[in-house]
There are 2 protein chains.
Amino acid sequence: MTGRFALMIDPVAADVQRSDFADTFTQVDAAAPALSVGELSTQRGDGVFESIGVVDGHAQEVVPHLERLAHSARLCDLPVPNLAQWRQAIDHAAAQLGSGESVIKLILSRGVEHGPTPTAWVTAAPAADFSAVRERGVRVVTLDRGYDLGAAERAPWLLLGAKTLSYAVNMAALREAHRRGADDAIFLSSDGFVLEAPTASLILRFGDRFVTPAPNGGILHGTTQLSVYEYLAAQGFDVGYDRIPATDLPQADAAWLVSSVRLAAAITAVDDVPLPVEHTLTADLNRYLLSPRD
Amino acid sequence: MTGRFALMIDPVAADVQRSDFADTFTQVDAAAPALSVGELSTQRGDGVFESIGVVDGHAQEVVPHLERLAHSARLCDLPVPNLAQWRQAIDHAAAQLGSGESVIKLILSRGVEHGPTPTAWVTAAPAADFSAVRERGVRVVTLDRGYDLGAAERAPWLLLGAKTLSYAVNMAALREAHRRGADDAIFLSSDGFVLEAPTASLILRFGDRFVTPAPNGGILHGTTQLSVYEYLAAQGFDVGYDRIPATDLPQADAAWLVSSVRLAAAITAVDDVPLPVEHTLTADLNRYLLSPRD
């Protein structure tokens, strides 16, 4: 369990300006009891989170992750996080991580039932070794997410654009994928459009154009996907967002699931239909995603 | 915080038979740190729960609650709980509760990330005072749940029949109801049928027939609703389950939200349209629901 720890954060208001928030952090062992049973994160999945990749002690894409945390908090009527405080907590944790790949998670919970403030913490731990899956790729199945494309806008209380702690369905979808002999899943809307994976964004290639499902409130805007788009655009490729019918999936010239810790995994098959795999581009993407970025 | 505590349960396999499980319980103060940050209940809302009403130290409807806990666990691929062990934990907690109304929650989490076993505990606390709302009733608004009636059967990974810890949407729906000046919400399917409330079941009266939306996998089978149906049937009323179009709601002769702790609350208005309120029957229902039942 070496290298696994958490910093409990005593949250301060969003507008508090200080040069040093270190006295608001309390470091605890990841295995030690730290949360009470009254925690609404645990009772209700009521809170928001982010997972940040860390490479050789450098936390990647911190600003987009913090912005998304604040966005999720707003959608869930949680107090706006003080991003300077969170940034220092991330830096504080990252400084204690050694070489290699790690993961820092940010968690902002509604707090203890009937309590006065949210509960906030970051965790730090070594990342699993994803080198094989980055080379080998993933087989995916498509799974109905139950919502039509218009649900997010029509019913904001469904929190479809927020990265909440209520991930039981995402976890169940991964188990269903494994049951079907696949590694991962792609969610489809009930009206037949491609959405995202349970814990990753999807990027498809058609010729020299790369496309990802439009983040219209029902899909999380992927921080890693944004990084990949920057890289591809710099290489002269055309990148964009679109409504993608599920029937387009098997027609793609290549496809990837991208996420903050596993990074880019080529999709080798969708529902048992093989997809072409671009080994060189995939390796390039992962080399780029492993380079220090802010 | 008097009377608030938890029993941490060291879960044993479902088929272990023992007369006494007391050595598998560890009592902790509800406010004390008891859970690690690696808990998947807190990171992913990954687990299942039940809320049980307790009246003068008697836990109500324990068997239906335990059966639903086991059902939820099955749907979530969690190890089947040992119901004798859970029953003893409930009895052990209830015995420490004084007179008046309390609530015992059962929580079965997938456990610590990469850990070997689920984490399990029960909490015990005094209930909020719901006497006023039982008399006064609740104003409700209807909110789109985003799923059509067929989603539960078509996509079991949506876990629609399980009472999971991923309740962020249910909590957001209650906040939306409050924003609209109401006390509670009724979820509608995207194809226009009545489902349930975020934390309660719905019972409607049309003449001498009482009807509740059919628990078809997409709706939790309410333990309190079952109790109310027993009572009503014994009084000679006709009770049943149906598909109920949302357009039928304002036509009801009376309606109630029923749940384990708040018990029966008459609905006084749906989307600002007043509904007739049966004060005498509501009082009878609550008197019955407060009497000791197993």
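Here the structure is a predicted model, which is why all the values come from computation and not from measurement.

Draft legend 1. Structural detail: the overall build of chain A. Within chain A, the secondary structure is distributed over 8 helices and 14 strands. At 19 Å, chain A has a C-alpha radius of gyration in line with the 19 Å of a compact globule built from 294 residues. Overall size of chain A, expressed as C-alpha extent along the three principal axes, is 55 × 45 × 35 Å. Contacts spanning at least 24 positions in sequence make up 71% of the contacts within chain A whose residues lie at least 6 apart. Within the structure as shown, chain A displays about 11,400 Å² of accessible surface, and the carbon and sulfur contribution to it stands at 52%. Here chain A contributes 23 positively and 36 negatively charged side chains, and the mean placements of these two sets differ by 4 Å.

Draft legend 2. Main features of unusual backbone geometry. Residue and element names in this part refer to chain A. Even without a glycine there, the phi angle at Asp-56 is positive, about 50°. By the secondary structure assignment, Asp-56 is in the loop between strand S3 (47–55) and strand S4 (58–59). A positive phi is found at Leu-159, a non-glycine position, where the angle reads about 60°. As for its position among the elements, Leu-159 is in the loop between helix H5 (151–154) and helix H6 (168–179). Among the residues examined, Leu-159 registers a relative accessible area of 5% and is labelled buried.

Draft legend 3. Broad picture of the relation of the copies chain B and chain A. Turning chain B through 180° and shifting it by 0.0 Å along the axis lays it on chain A, with an RMSD of 0.0 Å. Such a turn and shift between the copies fits a two-fold axis. Of the residues that chain B buries at the interface, 100% are likewise interface residues in chain A, meaning the two copies contact each other through the same surface.

Draft legend 4. Looking closely at the interface of chain B and chain A. Counting from both sides, the interface comprises 51 residues of chain B and, opposite them, 52 residues of chain A. Counting each side, the surface lost to burial between chain B and chain A is near 4,300 Å², with a carbon and sulfur contribution of 55%. Its largest share of buried area at the contact with chain A, chain B owes to B:Val37, B:Arg44 and B:Trp157, together 20% of the area lost on that side. Counting every contact that joins chain B to chain A gives 8 salt bridges. The partner of A:Arg154 in a salt bridge is B:Asp144, and the shortest N-O contact between them spans 2.7 Å. At the boundary of chain B and chain A, one finds 30 residue pairs in polar contact (both at pLDDT 80 or more). Every element with two or more residues in the side of chain B that touches chain A is listed here: strand S1 (5–9), helix H1 (40–44), strand S5 (101–109), strand S6 (119–126), strand S7 (138–144) and helix H6 (168–179) of chain B. It is H6(B) that provides the largest number of residues to the side of chain B that touches chain A, a total of 8 residues.

Draft legend 5. View of the nonpolar core. Counting residues in hydrophobic clusters, the biggest one holds 101 residues, and the most contacted among them are A:Ile104 and B:Ile104. When neighbours within four sequence positions are excluded, A:Ile104 is seen to be in contact with A:Glu50, A:Ser51, A:Ile52, A:Val54, A:Ile90, A:Ala93, A:Ala94, A:Leu97, A:Val122, A:Thr123 and A:Ala124. Counting 29 residues, the second largest nonpolar core, distinct from the first, contains A:Ala6, A:Met171, A:Leu174 and B:Ile107.

Draft legend 6. The arrangement of the sheet that holds strand S5 (residues 101–109) of chain A in detail. All names here are of chain A. Across the sheet, 6 strands lie side by side as S2-S1-S6-S5-S3-S4; this open sheet has antiparallel pairing. Each having just a single partner strand, strand S2 (25–29) and S4 make up the two edges of the open sheet. With 9 bridges joining them, S3 and S5 adopt antiparallel strand pairing. Note that in S5 the partner of Gly-53 across the bridge is Val-103. Across the sheet, helix H2 (residues 62–75) lies against S3, S4 and S5, angled at about 175° from S3, the strand it touches most.

Draft legend 7. Expanded view of the domain arrangement of chain A. All names here are of chain A. Annotation of chain A at the domain level lists domain 1 (5–126) and domain 2 (131–290). Using only C-alpha atoms to locate each centre, domain 1 and domain 2 end up separated by 26 Å. In this complex, domain 1 contributes 24 residues to the contact, which on the side of domain 2 involves 19 residues. It is Phe-49, Glu-61 and Arg-68 that lose the most area in domain 1 upon contact with domain 2, and together they represent 34% of the buried surface on that side. The tally of links between domain 1 and domain 2 comes to 1 salt bridge. We note a salt bridge from Arg-134 to Glu-101, for which the minimum N-O separation is 2.7 Å. Secondary-structure elements contributing two or more residues to the side of domain 1 that touches domain 2 are helix H1 (40–44), S3, H2 and S5. The element best represented in the side of domain 1 that touches domain 2 is S3, accounting for 8 residues. The residue inventory of the side of domain 1 that touches domain 2, partitioned by class, reads 9 nonpolar, 9 polar and 6 charged.

Draft legend 8. Quick look at the packing of helix H7 (residues 223–234) of chain B against helix H8 (residues 279–290) of chain B. All names here are of chain B. Where H7 meets H8, the axes come as close as 10 Å, and the angle between the chain directions of the two elements is 115°. In terms of axis orientation, H7 runs roughly perpendicular to H8. The two elements H7 and H8 meet at a crossing, and its hand is right-handed. Note on element contacts: H8 touches H7 through Leu-281, Asp-284, Leu-285, Tyr-288 and Leu-289, opposite Thr-224, Ser-227, Val-228, Glu-230, Tyr-231 and Leu-232. Its residues assigned to classes, the contact of H7 with H8 comprises 7 nonpolar, 2 polar and 2 charged.

Rules used in this analysis
Residues numbered from 1 in each chain as written. Chains lettered and ligands numbered in written order. Predicted model: local features only at pLDDT ≥ 70, side-chain atom pairs only at ≥ 80, totals over all residues. Heavy atoms only, no water. Helix = DSSP H or I, 4+ residues; strand = E, 2+ residues; numbered from the N terminus. Rg over C-alpha atoms; globule rule 2.2 N^0.38 Å. Contact = heavy atoms within 4.5 Å. Areas by Shrake-Rupley, 256 points an atom, 1.4 Å probe, with all protein chains shown as cover. Lys, Arg positive; Asp, Glu negative; His and termini not counted. Charge placed at Lys NZ, Arg CZ, Asp CG, Glu CD. Buried < 20%, exposed > 50% of the residue type's maximum accessible area, 1.4 Å probe, protein only. Least-squares fit on C-alpha atoms with pLDDT ≥ 70 in both. Buried area = accessible area lost by both parts, 1.4 Å probe. Salt bridge = Lys/Arg side-chain N within 4 Å of Asp/Glu carboxyl O. Polar contact = N/O pair within 3.5 Å; in protein donor to acceptor, adjacent residues only side chain to side chain. Core = buried A, V, L, I, M, F, W, Y, C linked by side-chain atoms within 4.5 Å. Pairing = 2+ DSSP bridges. Axes fitted to C-alpha atoms, helices over the stretch in contact; angles between N-to-C directions. Domains from an automatic or database assignment. Nonpolar A, V, L, I, M, F, W, Y, C, P; charged D, E, K, R; others polar. Parallel < 35°, antiparallel > 145°, perpendicular 65-115°, else oblique. Left-handed = near helix turned anticlockwise from the far one by under 90°.

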